[in-house]
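Residue-level structural notes
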Amino acid sequence: MTLMLSKNIQDELQQTARLLATNGKGILAADESMSTIGKKFVQIAVENTKENRRLYRQMLFGDDRIREFISGVILHDETLYQKDDNGKGFVDLLREKNIVPGIKVDRGLVLLMGTNNETNTQGLDDLKPRCEEYYKLGCRFAKWRAVLKIDEHGGSPSQLAIVENARGLARYASICQECRIVPIVEPEVLSDGNHSLEKCQQVSQKVFAATIAALHEHNVLMEGILLKPNMITAGHDFNGKAENNAEEIGMATVMTLMRTIPPAVPGIMFLSGGQSEEEATVNLSMINQIGSKIKPQTPWKLSFSYGRALQNSAITIWAGNVENVGKAREELIRRMKANSLASQGRYMPGSSTTTSSTATKSNYVAKHVY
Ligand code: 13P
């Protein structure tokens, strides 16, 4: 007998995926590992303790207005078991706001022998029991980050890295769906390097196509996933970077997705990948404007699943001080609202930055890990 997802499970997955891709809403990625959040805490002189991480996430999730702009939040395992000051679990706090709790399930990167320091993502072995447990705890979607890098002289990404990462993503997606959890499929082509926008497009097209092919091989239900790709941009150290404007980025991104991603996928939720908050918003808005102008129009919701590009100004304002929570939340809401407008192609560049704002500051971190 061939194993198949039951009709019930298929319906539930589609419902969750559509809810996450609700018009005008996006996802907040707040699943930084302890070491990654530790690096942010060092910059604001906050000690990296369990309690400080709880206080920080309470700042992020506590304001009721986030429900207008956010359909889901990706959590770290530690946060699932934490509560706010009133004793309410963060998962319940989010669900009460109609926000879907999600969970990062990958266990980071390991090196691939015989490559130029390329990586594969680990965490498949016990993924099924973990997903079953996460479902019981209220999570309805998951994230798994696969990373590819461009190094033209070093021959990356290699065919091995493309194939192995696509397979990993597909096996992960299949296990999640079996457990009624919508997988966010994230093939991230890093912006590290001095490559051109054209090179990023060429590589991303290969990577996205290989990822979709692997998903089909693993019988993944396309209506029950979300894609989380990079935008098509020049590398961080590319000489002519300043010359890439939002229109070029938007056009190349839309073209690459139109060539590779089936219309059955309900939503494409971009990562910000080190762009400044403002850049990530302007580019998302342009992608949506171009997507609705071309013929045929783009068939998916095109929205955001940002980590750094939603949080960086807010965390700087917060700085671990309870008195700053209100102001930090104002900044967070400002960025969420800006991206909500951008996901509808309606963001006016510059309209969400103030003179003191850090929103135009680059969020680039070399060899960024989550
Ligand atoms: P950035 O938006 O900070 O790139 O991260 C999003 C994310 O979840 C990467 O896995």
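One can find the structure itself at the top, above this paragraph.
The sections below set out a description of the structure shown in this document. From a predicted model like this one, the values you see are computed outputs, not experimental measurements. (Residues numbered from 1 in each chain as written. Predicted model: local features only at pLDDT ≥ 70, side-chain atom pairs only at ≥ 80, totals over all residues. Heavy atoms only, no water.)

Moving on, we get to the pattern of salt bridges. Under the criterion given, the structure shown has 22 salt bridges. One salt bridge connects Lys128 with Glu178, and the closest N-O pair in it is separated by 2.9 Å. Here Lys128 is found in helix α6 (residues 127–136), whereas its partner Glu178 is found in helix α7 (residues 159–178), with 50 residues between them in sequence. For Lys128, a relative accessible area of 34% puts it in the partly exposed group. Residue Glu186 pairs with Arg145 through a salt bridge whose shortest N-O separation is 3.9 Å. With a gap of 41 residues between them, Glu186 in strand β7 (residues 182–189) and Arg145 in strand β6 (residues 141–148) connect regions that are remote in the sequence. Owing to a relative accessible area of 2%, Glu186 belongs among the buried residues under this scheme. (Salt bridge = Lys/Arg side-chain N within 4 Å of Asp/Glu carboxyl O. Helix = DSSP H or I, 4+ residues; strand = E, 2+ residues; numbered from the N terminus. Buried < 20%, exposed > 50% of the residue type's maximum accessible area, 1.4 Å probe, protein only.)

Turning our eyes to something else, we now look at the packing of aromatic side chains. Any aromatic ring pair is given by two values, namely how distant the centres are and how the planes are angled relative to each other. The tally for this structure, following the rule as stated, stands at six aromatic pairs. Measuring from ring centre to ring centre gives 5.1 Å for Tyr56 and Trp318, while their planes differ by 45°; the resulting arrangement is tilted. Pair noted here: Tyr56 is in helix α3 (residues 50–61) and Trp318 is in helix α11 (residues 308–318), with a separation of 262 residues, a long-range link. A relative accessible area of 0% places Tyr56 in the buried class. An angle of 45° between the planes, with centres 5.7 Å apart, marks the rings of Phe304 and Tyr306 as tilted. Across this residue pair, the class does not change: Phe304 and Tyr306 are buried. (Phe/Tyr/Trp six-rings, centres within 6.5 Å; stacked < 30°, edge-to-face > 60°.)

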